[in-house]
Amino acid sequence: MKVVNLKQAILQAWKERWSDYQWAINMKKFFPKGATWDILNLAEALLEQAMIGPSPNPLILSYLKYAISSQMVSYSSVLTAISKFDDFSRDLCVQALLDIMDMFCDRLSCHGKAEECIGLCRALLSALHWLLRCTAASAERLREGLEAGTPAAGEKQLAMCLQRLEKTLSSTKNRALLHIAKLEEASSWTAIEHCLLKLGEILANLSSPQLRSQAEQCGTLIRSIPTMLSVHSEQLHKTGFPTVHAVVLLEGTMNLTGETQPLVEQLMMVKRMQHIPTPLFVLEIWKACFVGLIESPEGTGELKWTAFTFLKIPQVLVKLKKYSHGDKDFTEDVNSAFEFLLKLTPLLDKADQRCNCDCTNFLLQECSKQGLLSEASTNNLMAKRKADREHAPQLKSDENANIQPNPGLILRAEPTVTNILKTMDADHSKSPEGLLGVLGHMLSGKSLDLLLAAAAATGKLKSFARKFINLNEFTTHRSEESSWGSAFSSSTAKAASVRALLFDISFLMLCHVAQTYGSEVILSESNTGGEVFFFETWMQTCMPEEGKILNPDHPCFRPDSTKVESLVALLNNSSEIKLVQMKWHEACLNISAAILEILNAWENGVLAFESIQKITDNIKGKVCSLAVCAVAWLVAHVRMLGLDEREKSLQMIRQLAGPLYSENTLQFYNERVVIMSSILEHMCADVLQQTATQIKFPSTGMDTMPYWNLLPPKRPIKEVLTDIFAKVLEKGWVDSRSIHIFDTLLHMGGVYWFCNNLIKELLKETRKEHTLRAVELLYSIFCLDMQQVTLVLLGHILPGLLTDSSKWHSLMDPPGTALAKLAVWCALSSYSSHKGQASSRQKKRQREDIEDYISLFPLDDMQPSKLMRLLSSNEEDANILSSPSEGSRGRRFGTQEAIGSVPLACPTADRSMSSNLSASQLHTVNMRDPLNRVLANLFLLISSILGSRTAGPHTQFAQWFMEGCVDCLEQGGRGSILQFMPFTTVSELVKVSAMSSPKVVLAITDLSLPLGRQVAAKAIAAL
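These notes cover the structure that comes with them. (Residues numbered from 1 in each chain as written. Predicted model: local features only at pLDDT ≥ 70, side-chain atom pairs only at ≥ 80, totals over all residues. Heavy atoms only, no water.)

1. Focus on the overall build of the protein
Within the protein one finds 47 helices and 0 strands. Evaluated residue by residue, the protein yields a buried proportion of 55% over its 1023 residues. A separation threshold of at least 6 residues defines the contact pool for the protein, and within that pool the share at least 24 residues apart is 79%. Split by element, the accessible area of the protein, about 43500 Å² in all, is 51% carbon and sulfur. (Helix = DSSP H or I, 4+ residues; strand = E, 2+ residues; numbered from the N terminus. Buried < 20%, exposed > 50% of the residue type's maximum accessible area, 1.4 Å probe, protein only. Contact = heavy atoms within 4.5 Å. Areas by Shrake-Rupley, 256 points an atom, 1.4 Å probe, with all protein chains shown as cover.)

Listed below in structure tokens is the structure:
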């Protein structure tokens, strides 16, 4: 009935020719307060009456314009009413409607409820569809007019339509509202896309280039709406990216065996966060590889780096290619990267000198083989480098001329690894001598390290180790010896000798692999319920490793006493051990107890030194693995002795470490002794350092231990940390030696100490360029254990700085901006990778939770965490953000206080949008995960700071943190760490001038959720 009354009121006003303001006054008299004009559909009723005839009623239109200007009607109701008019043949009516749109189409706003703002988005989408239909109809009429010879009328209307389209779409705010509407009403967006195609077909036949270009521009703007968040400008003013450099160096130095996928994802994360152009990104990877090659320590370290550069990195680039938009683009980028690389002549010359070959040539061949470069590009680049090398200083000296270059050897070793794996799959009992020949060949020179490096770089080291564990296990079953004997033309003694050698070589190789590449390469993923192999058991319980303290009195060192007695008697009395009688795995398990008996006898004067020499000669005379097992126990034993009690144990280690000069040794003895000496040197390194003892290990052919004894003696580790960081910052990049020092300090000081002290160093910087460089370097240093560092940084250090007013001064620009950027980078990296596999170097480190995260951020809904207690107070003064008392650190809060906000585990959306409801709760994210808890509480703290009436550097920091989140986001990346932000933060953020942009609002809200779209629409409509 009200609508009829409304129509009557409009007709009465028209009959009596009321002016617009008279009409407004009388309307308010006719319709007292209660229902709004939008509910009464005033805009639609006015338009309906105004558009009855062939031309619009100017008086009624003046009422509508007055209603719009005085905000009697909302923009959304006017746009909805306009979009219902579909008689495009009435030119004057269409032009009147276009004039009305012109009044407000570039300054839309809504300050009502979230539902009204979503209504504005939908109305704008309907109006856009109407404009496109109107434009298409005008273009069709123009085409018909051109054919009939009367183009003028149609052209004017088409120009008007395109002008309104351009005006509406040129506003970023409008496009943002349309972006939300597209997600709300996918079917309407599909209709718009169809309309756009149809319009394009009609306009293609028009002769006017100006109209065509205007239409194309409008089409481009419409097509850009779905992807309006994905546009990022790349850094074109920089040429060096120390983060990429350090990530590659870290991986090459400490994680050659790691899978390529986590490295690819980490590199892509850095590329996105720093907006690095692809050619410069690939160039930085190559630069890091060449620097790693040049500064790698001789021996195994050099071979590892060669394998990493020439085998692993091309595989990494193949995977990076999949992230690229097109194959052709990526090959062009790789070509550009090589073009840049060829200009770094001193770097390439130095690498060539170190490797004794043309490294670039090998690299180009490998990239061409992997399809990363076209043949023409490869040949062109090779020719350029060849011309450069002619002008270089003499790279190949006469003495180096006969040495085969490592890159060539590594590339040849890779197919050999595959062949050896096939050989190892065969039945060992059928051709043990042939297998022994293969293994013996592997031991000669640096063959073993070459093959291991190639296997590690290509991801085959685990299967390589597994084959040797199976072989070692096979040799422990003496029941097989009868079948072994049948494979020989001679006696069973020959079979026993081959069995002993296969056991010894496989044991030594596995020890060497464990020490060079980490014990996790050896251990099978899950051995529950399966067969337990001898070597795995021995390595887990008896083998000394960095950070592993063994108990020499552990039951694993105390096996069957009768077997121990017979082994002691055998070692003490026999001039030579009978191979046929030996069970080598049992001897290895019993040797520790036997050594204890012998030591006791020596110390009590029962045995003379000559007897000890004979015993140690017997231990190492046939199989070197016995000596390794003996020294493994001696190392654990020496740790437990006082300084004055260690002499005889160390003397015994000396006796076992040297080779036996005898003709009566088994085959490949010298090669086996070289590997044994290397294993013993690694085992004894810690103990010898502690006891300041020196033992000379025969180092024929094997390299000395690189990166050992890095920390200067008698200096506080905090001084060492600040010094090394200052040097790295001055230099601008992290080298391999520094990486190892940082890793050692991280182990010694712990994650909290390490992170806290480095953040203090960052906050001391006052020059902008230094702080930005420090952030790039710190991020790469934190990659040593990114997960734990992030928990400490976001869960302890940042809340401590933000809640203590005495520390706010340290958050001023530039160090505050830098810290915000670092925090965002760490949070994004950890969140994107914590669901995946941790890298082997991170698995190796013991998990170190600095404080119990359950007590810091309790799970119980009624038990608020410290931060939530801190933020729940209604007082808005500075005391709210003061630091909680030191006495409460780590204390559990047992009181059940009301928080006045939804608990973190809230599973459902609350339409009233309570103070800390976030998208993560609607997605039911697991809040038992420490990282999720830390992120949720940090965003809760940031939301409180932004909403507080007390402003200061901490408020500025919160803004910088949010800016960093927006800057690092990509299309489809929403719902990452920002899902933990309470929805109410959005309305607080838009009050900050730097963040009051529609794109920022779209970026920080989760638009996949209806509630997220409402929050975004409300914030954007109010801008």
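2. Quick word on the pattern of salt bridges
Counted under the stated rule, the structure contains 23 salt bridges. Glutamate 302 is paired through a salt bridge with arginine 354; the nearest N and O atoms lie 3.0 Å apart. With a gap of 52 residues between them, glutamate 302 in helix H15 (residues 300-323) and arginine 354 in helix H17 (residues 345-355) connect regions that are remote in the sequence. What makes arginine 354 partly exposed here is its relative accessible area of 22%. A salt bridge links arginine 466 to glutamate 536; the nearest nitrogen and oxygen atoms lie 2.7 Å apart. Placement of arginine 466 in helix H23 (residues 461-475) and of glutamate 536 in helix H26 (residues 534-542) is noted, with a sequence separation of 70 residues between them. Residues joined in a network through salt bridges with shared partners are Asp349, Asp352, Asp358, Arg385 and Arg389. (Salt bridge = Lys/Arg side-chain N within 4 Å of Asp/Glu carboxyl O.)

3. What to know about helix H14 (residues 278-295)
Taking 1.5 Å of rise per residue, the 18 residues of H14 would be expected to cover 26 Å, and the 26 Å separating its terminal C-alpha atoms lies within 8% of that figure. Where burial is concerned, most of H14 is hidden: 16 out of the 18 residues are buried. (Expected span 1.5 Å × (residues − 1).)

4. Quick word on helix H13 (residues 260-274)
Between the first and last C-alpha of H13 there are 21 Å, a value that for 15 residues agrees with the 21 Å anticipated at 1.5 Å per step. Counting buried residues in H13 gives 11 out of 15 residues, a clear majority hidden from the surface. What H13 keeps buried is the set Thr260, Leu263, Val264, Gln266, Leu267, Met268, Met269, Val270, Lys271, Met273 and Gln274. For H13, the elements touching its buried residues are helix H12 (242-254), H14, H15, helix H36 (768-782), helix H38 (815-833) and helix H44 (953-968). At the exit of H13 stands histidine 275, carrying a positive phi of roughly 50°.

5. A few points about the packing of aromatic side chains
Tallied over the full model, the rule gives 16 aromatic pairs. With 5.7 Å between their ring centres and 65° between their planes, phenylalanine 939 and phenylalanine 961 make a pair best called edge-to-face. Taken together, the positions of phenylalanine 939 in helix H43 (residues 930-947) and phenylalanine 961 in helix H44 put the pair 22 residues apart, joining distant regions of the chain. As far as the burial class goes, phenylalanine 939 and phenylalanine 961 line up, both buried. Three or more aromatic residues joined by ring pairs form one cluster here, namely Phe503, Phe507, Phe534, Phe535 and Trp538. The aromatic ring of tryptophan 602 is capped on one face by lysine 648, whose charged end is 5.4 Å from the ring centroid. Here lysine 731 stacks its cationic end above the ring of tryptophan 733, 4.9 Å away from the centre of that ring. (Phe/Tyr/Trp six-rings, centres within 6.5 Å; stacked < 30°, edge-to-face > 60°. Lys NZ or Arg CZ within 6 Å of the ring centre and 35° of its normal.)

6. Examining the packing of helix H28 (residues 584-603) against helix H31 (residues 647-657)
Contact pair H28 / H31: the axes reach a minimum separation of 11 Å and the direction vectors enclose 120°. Overall, the two elements H28 and H31 adopt an arrangement that is oblique. Crossing of H28 against H31: the hand is right-handed. Residues Ile595, Ile598, Leu599, Trp602 and Glu603 of H28 form the contact with H31, whose participating residues are Lys648, Ser649, Gln651 and Met652. Of the residues belonging to the contact of H28 with H31, the class tally is 5 nonpolar, 2 polar and 2 charged. (Axes fitted to C-alpha atoms, helices over the stretch in contact; angles between N-to-C directions. Parallel < 35°, antiparallel > 145°, perpendicular 65-115°, else oblique. Left-handed = near helix turned anticlockwise from the far one by under 90°. Nonpolar A, V, L, I, M, F, W, Y, C, P; charged D, E, K, R; others polar.)

7. Looking at the environment of glutamine 370
Examined against the element boundaries, glutamine 370 turns out to sit in the loop between helix H18 (359-369) and helix H19 (375-390). For glutamine 370 and leucine 317, which are 53 residues apart along the polypeptide, the C-alpha to C-alpha distance reads 9.1 Å. Residue contacts for glutamine 370: discarding those within four places in its chain leaves Pro314, Gln315 and Val318.

8. With respect to the packing of H23 against H26
Viewed as axis vectors pointing N to C, H23 and H26 meet at an angle of 105°, and their least axial separation amounts to 8 Å. With respect to each other, H23 and H26 are oriented roughly perpendicular. From H23, Arg466, Ile469, Asn472 and Glu473 reach across to H26, where they touch Phe534, Phe535 and Glu536. Grouping the amino acids of the contact of H23 with H26 by side-chain chemistry returns 3 nonpolar, 1 polar and 3 charged.

9. Overview of the nonpolar core
Core analysis: the biggest nonpolar cluster contains 338 residues, and Trp23, Trp538 and Phe782 have the highest contact counts within it. No other element matches the 16 residues that helix H7 (residues 114-148) contributes to this core. (Core = buried A, V, L, I, M, F, W, Y, C linked by side-chain atoms within 4.5 Å.)

10. Observations concerning the side chain of asparagine 335
Here asparagine 335 shows up in helix H16 (residues 327-342). For asparagine 335, the contacting residues outside a window of four places in its chain are Leu373, Ser377 and Leu381.

11. Details of unusual backbone geometry
Geometrically, the link from aspartate 813 to proline 814 is a cis peptide bond, its omega value of 10° lying close to zero. Tracing the chain through its elements places proline 814 in the loop between helix H37 (786-803) and H38. The backbone of histidine 275 sits at a positive phi, close to 50°, despite the residue not being glycine. Within the secondary structure layout, histidine 275 lies in the loop between H13 and H14.

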